[in-house]
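This is what each chain is made of:
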Amino acid sequence: MTDSRIQPPDLAADPASDSAPGHSPKIQEARLWRGDGWTAQVLKNEDDDGWAVAMIKDGEPEPALVGPWTMGRDKKNPKPLDGPAFSTLVKTASEFVRRHEQQLHATLHQRITVTAKSARVTVSLDIVPDEDNPHALLSAHDDSGEQLAQVRVLPSFKLSRASAVAWVENDFRKPAER
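Residues numbered from 1 in each chain as written. Predicted model: local features only at pLDDT ≥ 70, side-chain atom pairs only at ≥ 80, totals over all residues. Heavy atoms only, no water.

Caption draft 1: Structural view of the overall build of the chain. Scanning the chain from N- to C-terminus turns up two helices and nine strands. A buried classification covers 37% of the 178 residues belonging to the chain. If you sum the accessible surface of the chain, you get close to 11,500 Å²; carbon and sulfur atoms cover 50% of it. (Helix = DSSP H or I, 4+ residues; strand = E, 2+ residues; numbered from the N terminus. Buried < 20%, exposed > 50% of the residue type's maximum accessible area, 1.4 Å probe, protein only. Areas by Shrake-Rupley, 256 points an atom, 1.4 Å probe, with all protein chains shown as cover.)

Caption draft 2: Expanded view of helix 1 (residues 83–108). Taking 1.5 Å per residue, 26 residues should reach 38 Å; helix 1 reaches 37 Å between its end C-alpha atoms and fits that length. Those residues of helix 1 not exposed but buried are Ala85, Phe86, Leu89, Val90, Ala93, Val97 and Leu108. Contacts made by the buried residues of helix 1 are with strand 2 (32–35), strand 3 (38–44), strand 4 (51–57), strand 5 (65–69), strand 6 (109–116) and strand 7 (119–128). By the N-cap criterion, in which a side-chain oxygen at the helix start approaches the backbone nitrogen of a residue two or three places on, helix 1 is capped by Asp82, the distance to Ala85 being 2.8 Å. (Expected span 1.5 Å × (residues − 1). Contact = heavy atoms within 4.5 Å. Polar contact = N/O pair within 3.5 Å; in protein donor to acceptor, adjacent residues only side chain to side chain.)

Caption draft 3: Representation of the nonpolar core. Val123, Leu125, Leu138, Val153, Leu159 and Trp167 are the most contacted members of the largest nonpolar core, which totals 20 residues. Those elements that place two or more of their residues in this core are strand 6, strand 7, strand 8 (135–141), strand 9 (147–153) and helix 2 (161–169). Those residues in contact with Leu159 that sit more than four places away from it in its chain are Gln110, Arg111, Ile112, Val123, Ser124, Leu125, Leu138 and Ala164. Grouped together as the second largest cluster of nonpolar side chains are 17 residues, Ala40, Ala64, Leu81 and Ala93 included. (Core = buried A, V, L, I, M, F, W, Y, C linked by side-chain atoms within 4.5 Å.)

Laid out in structure tokens, this is it:
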């Protein structure tokens, strides 16, 4: 859950962040906690009276995760960050990033095995999200893993059982672009 209305401070401009490349110094403050490759920043939620916490992975310009943060006992200020809370936030943000990466990989790399022309063929679609020249590679492999064919297709090509069988039965000719 990310919310673009909550803007974290520019941590790159923080003089305390001037250290060895790729490594940020540990910080353990009530509203800023840095370590384990992550920064937790407690921020005022401008849309209501509450607080939010932004989890920013080292080297990334945007938060990976933004979520609500607990009010303190005075019901005005946020609860201070501490070690156990930071560990939980790191675990949650890391899992969120990992799931996002897995979903992206599954979207860009699809595979299906079909039987066509009396043979089992594994058809793969690998999308190349190039800004200047996006495309996809449609390839076929036999049971031993040997490549039978590969053609370049539009990144919008829909790989399905029917489209894979049709491609194999059409002698791997490039599918018509729609």
